[in-house]
Amino acid sequence: MAQLQVTDLHVDFGGLRAVDGLSFNVNEGEILCLLGPNGAGKSTTLDLICGKTQPTSGSIRFEGTDISQLLEFRRARLGIGRKFQVPSVYKELTVAENLSVARSRSPGIWHALTRFSLSDGRVAAPILERVGLEARASEIAGNLSHGETQWLEIAMLIAQDSRLILMDEPTAGMTIQETARTAEIFRSLSTSHTLIVVEHDMSFVRTVADRIVVMNRGAMLAEGTIEEIETNDDVKTAYLGH
Ligand SMILES: Nc1ncnc2c1ncn2[C@@H]1O[C@H](COP(=O)(O)OP(=O)(O)O)[C@@H](O)[C@H]1O
Ligand SMILES: [Mg+2]
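Residues numbered from 1 in each chain as written. Chains lettered and ligands numbered in written order. Predicted model: local features only at pLDDT ≥ 70, side-chain atom pairs only at ≥ 80, totals over all residues. Heavy atoms only, no water.

The protein appears in an unreviewed UniProt entry as Urea transport system ATP-binding protein from Roseovarius tolerans.

Visitor: Please explain the overall build of the protein as it appears in this structure.
Guide: Summing up its helical and strand segments, the protein has 10 helices and 10 strands in all. Here the C-alpha atoms of the protein give a radius of gyration of 18 Å, agreeing with the 18 Å that 2.2 N^0.38 yields for 242 residues. The dimensions of the protein, computed from C-alpha atoms along their principal axes, are 50 × 40 × 35 Å. Counting the 242 residues in the protein, one finds 49% classified as buried. Within the protein, residue pairs in contact and separated by at least 24 positions form 66% of the contacts whose partners lie at least 6 positions apart. Here the protein displays about 11,100 Å² of accessible surface, and carbon together with sulfur accounts for 51% of that area. (Helix = DSSP H or I, 4+ residues; strand = E, 2+ residues; numbered from the N terminus. Rg over C-alpha atoms; globule rule 2.2 N^0.38 Å. Buried < 20%, exposed > 50% of the residue type's maximum accessible area, 1.4 Å probe, protein only. Contact = heavy atoms within 4.5 Å. Areas by Shrake-Rupley, 256 points an atom, 1.4 Å probe, with all protein chains shown as cover.)

Visitor: Could you clarify how one ought to interpret the pattern of salt bridges in this entry?
Guide: Following the criterion strictly, the structure yields 14 salt bridges and no others. Glu-184 serves as the salt-bridge partner of Arg-181, at 2.8 Å between the closest nitrogen and oxygen. Residue Arg-181 and its partner Glu-184 are both found in helix H7 (residues 176-189); the two are separated by three residues, about one turn of the helix. Residue Arg-181 is classed as partly exposed on the basis of its relative accessible area, which comes to 29%. (Salt bridge = Lys/Arg side-chain N within 4 Å of Asp/Glu carboxyl O.)

Visitor: Would you mind going over the site of ligand 1 with me for this structure?
Guide: Around ligand 1, a shell composed of Phe-13, Leu-16, Ala-18, Pro-37, Asn-38, Gly-39, Ala-40, Gly-41, Lys-42, Ser-43 and Thr-44 is seen. For ligand 1, an oxygen atom lies 2.8 Å from a polar atom in the backbone of Gly-39. One of the backbone N or O atoms of Gly-41 is found 2.9 Å from an oxygen atom in ligand 1. In the complex, the protein chains occlude 56% of the 560 Å² of accessible area that ligand 1 would expose alone. Within the residue set of the shell around ligand 1, elements represented by two or more residues are strand S2 (16-26) and helix H1 (42-50). (Near = heavy atom within 4 Å. Polar contact = N/O pair within 3.5 Å; in protein donor to acceptor, adjacent residues only side chain to side chain.)

Visitor: Would you take a moment to explain the sheet that holds strand S1 (residues 4-13) for this structure?
Guide: Neighbouring strands of a sheet are bound in pairs by backbone hydrogen bonds; such pairs are parallel or else antiparallel. With respect to topology, four strands assemble into an open sheet ordered S2-S1-S4-S5, the strand pairing being antiparallel. Across the chains shown, the open sheet's two edge strands, defined by having one partner strand only, are S2 and strand S5 (65-66). Pairing analysis gives five bridges linking S1 to strand S4 (residues 57-62), with the strands arranged antiparallel. Bridged to Gln-5 within S4 is Arg-61. Relative to the sheet, H1 contacts S1, S2 and S4, its axis offset from that of S2 by approximately 65°. (Pairing = 2+ DSSP bridges. Axes fitted to C-alpha atoms, helices over the stretch in contact; angles between N-to-C directions.)

Visitor: Looking at this model, I keep getting lost on the environment of Thr-231. Mind explaining?
Guide: The topology assignment puts Thr-231 in the loop between helix H9 (226-230) and helix H10 (233-240). Polar side-chain contacts of Thr-231 include one of 2.9 Å to the backbone oxygen of Glu-227.

Visitor: Please clarify how the side chain of Thr-171 should be interpreted in this entry.
Guide: Within the element layout of this structure, Thr-171 appears in the loop between strand S7 (164-168) and H7. By relative accessible area, which is 7% here, Thr-171 ends up buried. Leave out the neighbours within four places in its chain, and Thr-171 touches Thr-179, Thr-182, Glu-199, Asp-201 and Phe-204.

Visitor: Honestly, the state of the cysteines in this entry has me stumped. Any pointers?
Guide: Put plainly, a disulfide is one covalent bond tying together the sulfur atoms of two cysteines. Applying the stated criterion across every chain yields a total of zero disulfides. Here Cys-33 stays free of any disulfide, with the sulfur of Cys-50 as its closest cysteine sulfur at 18 Å. (Disulfide = S-S within 2.5 Å.)

Visitor: Can you help me understand the sheet that holds strand S8 (residues 194-198) in this one?
Guide: Judged by pairing direction, the sheet is mixed, and its six strands sit side by side in the order S6-S7-S8-S3-S9-S10 without closing on themselves. Each edge of the open sheet carries a strand with a single partner, namely strand S6 (80-83) and strand S10 (219-224). Pairwise comparison of adjacent strand axes, ignoring direction, gives a mean angle of 20° for this sheet. Sheet topology note: the strand S3 (residues 31-35)/strand S9 (residues 211-216) ladder contains four bridges and is parallel. Residue pairing for S9: Leu-34 is matched across the bridge by Val-213. Those strands touched by H1 are S3, S6, S7, S8 and S9, and its axis lies near 150° from that of S7.

Below is the structure:
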């Protein structure tokens, strides 16, 4: 069974149908890239999955549970994490302390056992290693580069036990080197996490995507591997039309 099952999702904003009959599945450990022209409904789709926006109709199942009606914090507790474009790190705290705060939002048993020790670099280290920040544990988060701040946010989602991580344009504003490093981090995360990534940088998509869903006007236009998407006539038309 797919980890995430999105079925016939619709959302109307006033008269505008931002998502219009969208269905797709995501398997555990998969990196799914969501593409499409501006206004296609990509960000709204992430909003619907994390619970920031409620659907007009349709269903979303996560690990077999219908989450369509659950509030955002309940979906977060079930393991759905959303990285927003504006970082939510605490700039005046250290990197390790930020992980501690993220962990304290999670109600799991692991949290109860470790919440007083996560600000201790030894406990935070395994999570920071996954995003390449192990040497930065005691750095004040406000001193991190733009790329490092994005990686810290991903570490915070891991610390709060997110298994499905949703990201909207994660490489925006990154240098070429930071983007390449982010691709490596995503590939290694996919051994334990599922990622849905909205991204415009096609060379990044080519490196990380297991599968691609292309949206247009709120619906799915095409689905497949990068090769299938790049040779799809409907996709070419949709992009040229903008
Ligand atoms: N909260 C909202 N209220 C009204 N319209 C919205 C809202 N959010 C998004 N939209 C509209 O829904 C459509 C899809 O937007 P969005 O999901 O942001 O597209 P994308 O991320 O693919 O560029 C756009 O026409 C946008 O203007
Ligand atoms: Mg968007």
